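Single-letter residue listing:
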Amino acid sequence: TTMPLSRPTNTSLSELHLMGIPGLQHLHHWISIPFCIMYLVTLAGNSTLLCLIKADPTLHLPMFLFLSMLAVIDLVMSTSITPKMLSIFWFHSTAISLDACLTQMYFVHAFSVMESGLLVAMAFDRYVAICNPLRYLSILTSPVVAAIGLATLLRAVVFMSPLTFQIRRLPLCSPAVVDHSYCEHMAVLKLACRDAAFSNTYSLSVSTYVGSFDSLLIVLSYLLILRAVLSLSSPQARKKAFSTCGSHLCVMAAFYIPGLLSMYMESYHQELPPHVQVLLANIYLLIPPAFNPLIYGIRTKQIRDGARRAISR
(Lines give C-alpha, C1' and ligand atoms only; values in the text may rest on other atoms or scores of the structure.)
Protein backbone atom coordinates (compact mmCIF):
# COMPACT_ATOMS: atom_id res chain seq x y z
CA THR A 1 0.00 0.00 0.00
CA THR A 2 1.35 3.41 -0.87
CA MET A 3 0.44 6.18 1.48
CA PRO A 4 1.44 9.77 2.05
CA LEU A 5 3.68 10.37 5.02
CA SER A 6 0.89 11.79 7.16
CA ARG A 7 -0.19 9.62 10.10
CA PRO A 8 -3.06 7.30 9.22
CA THR A 9 -5.75 7.24 11.89
CA ASN A 10 -8.24 4.57 10.96
CA THR A 11 -5.99 1.62 10.17
CA SER A 12 -7.27 -1.72 11.37
CA LEU A 13 -4.77 -3.07 13.84
CA SER A 14 -4.14 -6.19 11.84
CA GLU A 15 -1.93 -3.75 9.96
CA LEU A 16 0.73 -1.31 11.18
CA HIS A 17 2.65 1.46 9.45
CA LEU A 18 6.40 1.85 9.74
CA MET A 19 7.51 5.48 9.55
CA GLY A 20 11.04 4.81 8.35
CA ILE A 21 13.35 7.30 10.03
CA PRO A 22 11.17 9.83 11.90
CA GLY A 23 12.02 13.42 11.06
CA LEU A 24 14.28 12.46 8.16
CA GLN A 25 11.62 11.34 5.68
CA HIS A 26 12.76 14.02 3.21
CA LEU A 27 16.20 12.33 3.19
CA HIS A 28 14.95 8.74 2.78
CA HIS A 29 16.25 8.50 -0.81
CA TRP A 30 19.73 9.58 0.27
CA ILE A 31 19.77 7.39 3.37
CA SER A 32 18.76 4.42 1.23
CA ILE A 33 22.06 4.60 -0.70
CA PRO A 34 24.47 3.58 2.13
CA PHE A 35 21.85 1.15 3.48
CA CYS A 36 21.50 -0.53 0.10
CA ILE A 37 25.29 -0.68 -0.41
CA MET A 38 25.78 -2.21 3.06
CA TYR A 39 23.11 -4.81 2.34
CA LEU A 40 24.71 -5.78 -0.99
CA VAL A 41 28.13 -6.01 0.70
CA THR A 42 26.56 -8.20 3.42
CA LEU A 43 24.99 -10.53 0.83
CA ALA A 44 28.14 -10.77 -1.30
CA GLY A 45 30.63 -11.06 1.58
CA ASN A 46 28.78 -13.61 3.69
CA SER A 47 27.69 -15.77 0.73
CA THR A 48 31.27 -15.83 -0.64
CA LEU A 49 32.58 -16.78 2.78
CA LEU A 50 30.06 -19.63 3.10
CA CYS A 51 30.92 -20.96 -0.38
CA LEU A 52 34.67 -20.79 0.27
CA ILE A 53 34.42 -22.57 3.63
CA LYS A 54 32.13 -25.26 2.23
CA ALA A 55 34.29 -25.88 -0.84
CA ASP A 56 37.66 -26.07 0.91
CA PRO A 57 38.26 -29.05 3.26
CA THR A 58 41.27 -27.28 4.86
CA LEU A 59 38.80 -24.67 6.18
CA HIS A 60 36.68 -27.21 8.08
CA LEU A 61 38.21 -26.11 11.40
CA PRO A 62 36.25 -24.92 14.48
CA MET A 63 37.15 -21.28 13.80
CA PHE A 64 35.66 -21.41 10.30
CA LEU A 65 32.62 -23.40 11.41
CA PHE A 66 31.85 -20.57 13.86
CA LEU A 67 32.51 -18.11 11.06
CA SER A 68 29.97 -19.85 8.80
CA MET A 69 27.38 -19.78 11.60
CA LEU A 70 28.05 -16.05 11.96
CA ALA A 71 27.64 -15.57 8.20
CA VAL A 72 24.24 -17.32 8.23
CA ILE A 73 23.08 -15.24 11.23
CA ASP A 74 24.22 -12.03 9.52
CA LEU A 75 22.41 -12.92 6.30
CA VAL A 76 19.16 -13.65 8.16
CA MET A 77 19.44 -10.62 10.43
CA SER A 78 20.00 -8.07 7.68
CA THR A 79 17.51 -9.72 5.29
CA SER A 80 14.80 -9.59 7.94
CA ILE A 81 14.90 -5.77 7.95
CA THR A 82 16.66 -4.27 4.91
CA PRO A 83 14.33 -5.17 1.99
CA LYS A 84 11.28 -3.80 3.88
CA MET A 85 13.23 -0.72 4.94
CA LEU A 86 14.31 0.00 1.35
CA SER A 87 10.71 -0.35 0.17
CA ILE A 88 9.71 2.30 2.75
CA PHE A 89 12.54 4.59 1.57
CA TRP A 90 11.89 4.11 -2.15
CA PHE A 91 8.16 3.47 -2.53
CA HIS A 92 6.67 4.78 0.77
CA SER A 93 5.27 1.28 1.25
CA THR A 94 4.88 1.68 5.00
CA ALA A 95 2.15 -0.90 5.68
CA ILE A 96 3.08 -4.18 7.34
CA SER A 97 0.67 -6.78 8.70
CA LEU A 98 0.78 -7.39 12.44
CA ASP A 99 1.91 -10.99 11.88
CA ALA A 100 4.70 -9.94 9.52
CA CYS A 101 5.70 -7.29 12.04
CA LEU A 102 5.90 -9.79 14.92
CA THR A 103 7.80 -12.26 12.74
CA GLN A 104 10.29 -9.54 11.80
CA MET A 105 10.62 -8.55 15.47
CA TYR A 106 11.26 -12.15 16.49
CA PHE A 107 13.92 -12.68 13.82
CA VAL A 108 15.72 -9.40 14.49
CA HIS A 109 15.89 -9.83 18.25
CA ALA A 110 16.49 -13.59 18.35
CA PHE A 111 19.24 -13.40 15.75
CA SER A 112 20.97 -10.51 17.49
CA VAL A 113 21.05 -12.59 20.70
CA MET A 114 22.47 -15.48 18.61
CA GLU A 115 25.10 -13.19 17.07
CA SER A 116 26.11 -12.06 20.54
CA GLY A 117 26.50 -15.67 21.73
CA LEU A 118 28.53 -16.53 18.66
CA LEU A 119 30.90 -13.60 19.17
CA VAL A 120 31.59 -15.08 22.63
CA ALA A 121 32.20 -18.52 21.07
CA MET A 122 34.61 -16.98 18.56
CA ALA A 123 36.51 -15.12 21.28
CA PHE A 124 36.80 -18.41 23.21
CA ASP A 125 37.97 -20.15 20.01
CA ARG A 126 40.75 -17.55 19.56
CA TYR A 127 41.69 -17.90 23.23
CA VAL A 128 42.12 -21.69 22.91
CA ALA A 129 43.96 -21.35 19.58
CA ILE A 130 46.47 -18.83 20.97
CA CYS A 131 46.82 -19.91 24.61
CA ASN A 132 46.47 -23.67 24.14
CA PRO A 133 47.42 -24.31 20.48
CA LEU A 134 48.47 -27.94 20.96
CA ARG A 135 45.14 -28.94 22.47
CA TYR A 136 43.03 -26.78 20.12
CA LEU A 137 41.49 -29.64 18.12
CA SER A 138 41.05 -31.90 21.15
CA ILE A 139 39.19 -29.14 23.06
CA LEU A 140 37.06 -27.83 20.20
CA THR A 141 35.90 -31.12 18.66
CA SER A 142 33.03 -31.17 16.15
CA PRO A 143 30.45 -32.21 18.82
CA VAL A 144 31.63 -29.33 21.06
CA VAL A 145 31.31 -26.83 18.19
CA ALA A 146 27.83 -28.17 17.36
CA ALA A 147 26.81 -28.01 21.04
CA ILE A 148 27.97 -24.38 21.30
CA GLY A 149 26.00 -23.52 18.14
CA LEU A 150 22.91 -25.23 19.51
CA ALA A 151 23.22 -23.56 22.92
CA THR A 152 23.42 -20.14 21.22
CA LEU A 153 20.27 -20.93 19.24
CA LEU A 154 18.35 -22.25 22.28
CA ARG A 155 19.28 -19.27 24.44
CA ALA A 156 17.93 -16.88 21.79
CA VAL A 157 14.66 -18.83 21.44
CA VAL A 158 14.15 -19.07 25.22
CA PHE A 159 14.81 -15.34 25.75
CA MET A 160 12.91 -13.97 22.78
CA SER A 161 9.78 -16.15 22.56
CA PRO A 162 8.11 -14.60 25.68
CA LEU A 163 8.59 -11.08 24.21
CA THR A 164 6.73 -11.90 21.02
CA PHE A 165 3.93 -13.76 22.86
CA GLN A 166 3.45 -10.81 25.23
CA ILE A 167 3.03 -8.34 22.38
CA ARG A 168 0.69 -10.77 20.60
CA ARG A 169 -1.57 -10.67 23.67
CA LEU A 170 -1.47 -6.88 24.24
CA PRO A 171 -4.28 -4.83 22.69
CA LEU A 172 -2.77 -2.19 20.36
CA CYS A 173 -4.29 1.27 19.87
CA SER A 174 -4.69 3.48 16.79
CA PRO A 175 -2.99 5.30 15.22
CA ALA A 176 -1.04 2.18 14.34
CA VAL A 177 2.12 4.06 13.46
CA VAL A 178 5.47 2.66 14.54
CA ASP A 179 8.07 5.45 14.73
CA HIS A 180 10.80 3.19 13.42
CA SER A 181 12.21 1.70 10.23
CA TYR A 182 11.54 -1.89 11.36
CA CYS A 183 9.43 -3.62 14.02
CA GLU A 184 11.70 -2.93 16.96
CA HIS A 185 10.19 -4.31 20.17
CA MET A 186 10.18 -1.07 22.20
CA ALA A 187 8.78 0.95 19.29
CA VAL A 188 5.87 -1.47 18.77
CA LEU A 189 5.27 -1.62 22.52
CA LYS A 190 4.42 2.11 22.47
CA LEU A 191 1.19 1.22 20.64
CA ALA A 192 -0.06 -0.87 23.57
CA CYS A 193 -3.40 0.35 25.01
CA ARG A 194 -2.71 -1.00 28.44
CA ASP A 195 0.26 -0.87 30.72
CA ALA A 196 3.16 -2.75 29.17
CA ALA A 197 5.62 -2.27 32.04
CA PHE A 198 6.34 -5.99 32.39
CA SER A 199 7.19 -6.36 28.71
CA ASN A 200 9.34 -3.26 28.89
CA THR A 201 11.27 -4.43 31.95
CA TYR A 202 11.69 -7.94 30.57
CA SER A 203 13.07 -6.61 27.30
CA LEU A 204 15.53 -4.28 29.06
CA SER A 205 16.67 -7.00 31.46
CA VAL A 206 17.32 -9.53 28.70
CA SER A 207 19.23 -7.01 26.57
CA THR A 208 21.27 -5.78 29.51
CA TYR A 209 22.07 -9.32 30.62
CA VAL A 210 23.03 -10.53 27.13
CA GLY A 211 24.95 -7.36 26.25
CA SER A 212 26.92 -7.04 29.48
CA PHE A 213 27.48 -10.75 30.22
CA ASP A 214 28.61 -11.54 26.66
CA SER A 215 30.81 -8.49 26.25
CA LEU A 216 32.46 -9.21 29.62
CA LEU A 217 33.30 -12.76 28.51
CA ILE A 218 34.67 -11.42 25.23
CA VAL A 219 36.84 -8.79 26.94
CA LEU A 220 38.10 -11.44 29.38
CA SER A 221 39.08 -13.78 26.49
CA TYR A 222 40.94 -10.99 24.72
CA LEU A 223 42.74 -9.91 27.91
CA LEU A 224 43.96 -13.49 28.40
CA ILE A 225 44.99 -13.60 24.72
CA LEU A 226 46.91 -10.32 25.05
CA ARG A 227 48.64 -11.59 28.17
CA ALA A 228 49.71 -14.74 26.32
CA VAL A 229 50.86 -12.75 23.28
CA LEU A 230 52.88 -10.26 25.30
CA SER A 231 54.70 -12.99 27.22
CA LEU A 232 55.17 -14.98 24.11
CA SER A 233 56.81 -13.82 21.04
CA SER A 234 58.59 -11.72 18.46
CA PRO A 235 57.54 -8.08 17.77
CA GLN A 236 56.03 -9.22 14.43
CA ALA A 237 53.82 -11.84 16.07
CA ARG A 238 52.79 -9.31 18.72
CA LYS A 239 51.90 -6.70 16.13
CA LYS A 240 49.85 -9.24 14.17
CA ALA A 241 47.97 -10.38 17.27
CA PHE A 242 47.27 -6.77 18.33
CA SER A 243 45.94 -5.87 14.90
CA THR A 244 43.71 -8.97 14.78
CA CYS A 245 42.34 -8.48 18.30
CA GLY A 246 41.90 -4.75 17.71
CA SER A 247 39.83 -5.23 14.56
CA HIS A 248 37.71 -7.93 16.24
CA LEU A 249 37.01 -5.65 19.20
CA CYS A 250 36.04 -2.77 16.88
CA VAL A 251 33.42 -4.90 15.11
CA MET A 252 32.10 -6.08 18.47
CA ALA A 253 31.90 -2.51 19.74
CA ALA A 254 29.90 -1.57 16.61
CA PHE A 255 27.47 -4.36 17.53
CA TYR A 256 27.08 -3.89 21.31
CA ILE A 257 27.34 -0.12 21.86
CA PRO A 258 24.70 1.18 19.37
CA GLY A 259 22.39 -1.74 20.17
CA LEU A 260 22.35 -1.12 23.91
CA LEU A 261 22.34 2.68 23.52
CA SER A 262 19.30 2.64 21.23
CA MET A 263 17.46 0.35 23.68
CA TYR A 264 18.09 2.54 26.71
CA MET A 265 17.26 5.73 24.81
CA GLU A 266 13.99 4.19 23.64
CA SER A 267 12.95 3.04 27.11
CA TYR A 268 14.07 6.06 29.13
CA HIS A 269 12.71 8.60 26.61
CA GLN A 270 15.99 10.51 26.41
CA GLU A 271 15.69 14.01 25.01
CA LEU A 272 17.43 13.07 21.79
CA PRO A 273 15.84 13.43 18.35
CA PRO A 274 14.01 10.16 17.48
CA HIS A 275 16.00 9.76 14.26
CA VAL A 276 19.24 9.41 16.28
CA GLN A 277 17.78 6.48 18.19
CA VAL A 278 16.42 4.82 15.03
CA LEU A 279 19.73 5.28 13.18
CA LEU A 280 21.60 3.69 16.12
CA ALA A 281 19.18 0.76 16.05
CA ASN A 282 19.93 0.37 12.33
CA ILE A 283 23.70 0.68 12.69
CA TYR A 284 24.07 -2.35 14.94
CA LEU A 285 22.03 -4.50 12.54
CA LEU A 286 23.60 -3.26 9.30
CA ILE A 287 27.28 -2.48 9.93
CA PRO A 288 28.55 -5.67 11.66
CA PRO A 289 27.01 -8.03 9.04
CA ALA A 290 28.72 -6.02 6.29
CA PHE A 291 32.10 -5.90 8.05
CA ASN A 292 32.26 -9.34 9.69
CA PRO A 293 33.25 -11.15 6.45
CA LEU A 294 35.98 -8.55 5.84
CA ILE A 295 37.40 -8.51 9.37
CA TYR A 296 37.07 -12.19 10.26
CA GLY A 297 37.35 -13.52 6.74
CA ILE A 298 39.57 -11.62 4.32
CA ARG A 299 42.04 -10.65 7.05
CA THR A 300 42.54 -14.35 7.83
CA LYS A 301 45.40 -15.93 5.89
CA GLN A 302 43.69 -19.35 5.50
CA ILE A 303 40.62 -17.69 3.93
CA ARG A 304 42.79 -15.70 1.50
CA ASP A 305 44.68 -18.89 0.56
CA GLY A 306 41.36 -20.74 0.16
CA ALA A 307 40.10 -17.98 -2.14
CA ARG A 308 43.29 -18.20 -4.24
CA ARG A 309 42.90 -21.98 -4.54
CA ALA A 310 39.26 -21.59 -5.53
CA ILE A 311 40.13 -19.00 -8.19
CA SER A 312 43.00 -21.06 -9.57
CA ARG A 313 40.72 -24.15 -9.73
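Just so you know, these numbers come straight off a predicted model, no measurement behind them.

### Quick word on the UniProt feature "transmembrane region" (unreviewed entry) in the protein
So, step 1. Here, the residues flagged by UniProt with the feature "transmembrane region" (unreviewed entry) are residues 27–52, 64–86, 106–124, 136–158, 209–230, 242–264 and 276–298.
So, step 2. The span residues 106–124 carries 100% helix and 0% strand; its end-to-end C-alpha distance comes to 27 Å.
So, step 3. In residues 209–230, helix accounts for 100% and strand for 0%; the two terminal C-alpha atoms are 31 Å from one another.

### What to know about the environment of C101
So, step 1. As for its placement among the helices and strands, C101 is situated in helix α3 (residues 98–131).
So, step 2. Through-space distance from the C-alpha of C101 to that of E184 is 8.9 Å; in sequence the pair is 83 residues apart.
So, step 3. Once residues lying within four places of it in the same chain are set aside, the contact partners of C101 are L16, I96, C183 and V188.

### Examining the layout of surface pockets
So, step 1. Each pocket or cavity is described by its volume, and for the largest pocket that value is around 690 Å³.
So, step 2. Along its surface, the largest pocket is lined by 26 residues, and R126, I130, K240, A241 and T244 are the ones closest to its centre.
So, step 3. Elements with a minimum of two residues in the lining of the largest pocket: α2 (62–91), α3, α7 (197–232), α8 (235–267), α9 (274–298) and α10 (301–312).
So, step 4. Ranked by the residues each element gives to the lining of the largest pocket, the list is headed by α8, at eight residues.

### Looking at the sheet that holds strand β3 (residues 177–178)
So, step 1. Taken in spatial order, the three strands line up as β2-β1-β3 in an open sheet, and their pairing is mixed. The strands lining the two open edges of the sheet, one partner per strand, are β2 (95–97) and β3.
So, step 2. Note that strand β1 (residues 15–18) and β3 share two bridges and pair parallel. Each bridged residue has a counterpart across the sheet, and for L18 the counterpart in β3 is V178.
So, step 3. Packed onto the sheet, α3 meets β1 and β2 and runs at close to 85° relative to β2.

Reading guide: rules and limits
Throughout, residues of each chain are indexed from 1 in the direction in which the sequence is written. Note on the predicted model: pLDDT of at least 70 is required for a residue's local features to be given, and 80 or more for side-chain atom pairs to be given and counted; whole-chain, interface and lining totals, by contrast, use all residues. The side-chain numbers reported here are obtained from all heavy atoms of the structure, hydrogens and water having been left aside. UniProt positions are given in the numbering used here, feature names are shortened, and annotations may be inferred rather than shown by experiment. Secondary structure elements are defined from DSSP: runs of H or I of at least 4 residues count as helices, runs of E of at least 2 residues count as strands, and each element is numbered from the N terminus. Any pair of residues with heavy atoms lying within 4.5 Å of one another is described as a contacting pair. For each structure, a 1 Å grid was placed over the protein atoms alone; sets of points admitting a 1.4 Å probe that cannot get out are labelled cavities, open sets with protein on both sides within 12 Å along at least five of seven lines are labelled pockets, and lining residues have an atom within 4 Å of a point. Grid points are joined across faces, edges and corners, and a volume is the space filled by probe spheres set on the points. Should DSSP find at least two bridges between two strands, the strands are regarded as paired. Angles here are taken between N-to-C directions and fall from 0 to 180 degrees, while the axes themselves are lines fitted to C-alpha atoms, restricted in helices to the stretch in contact.

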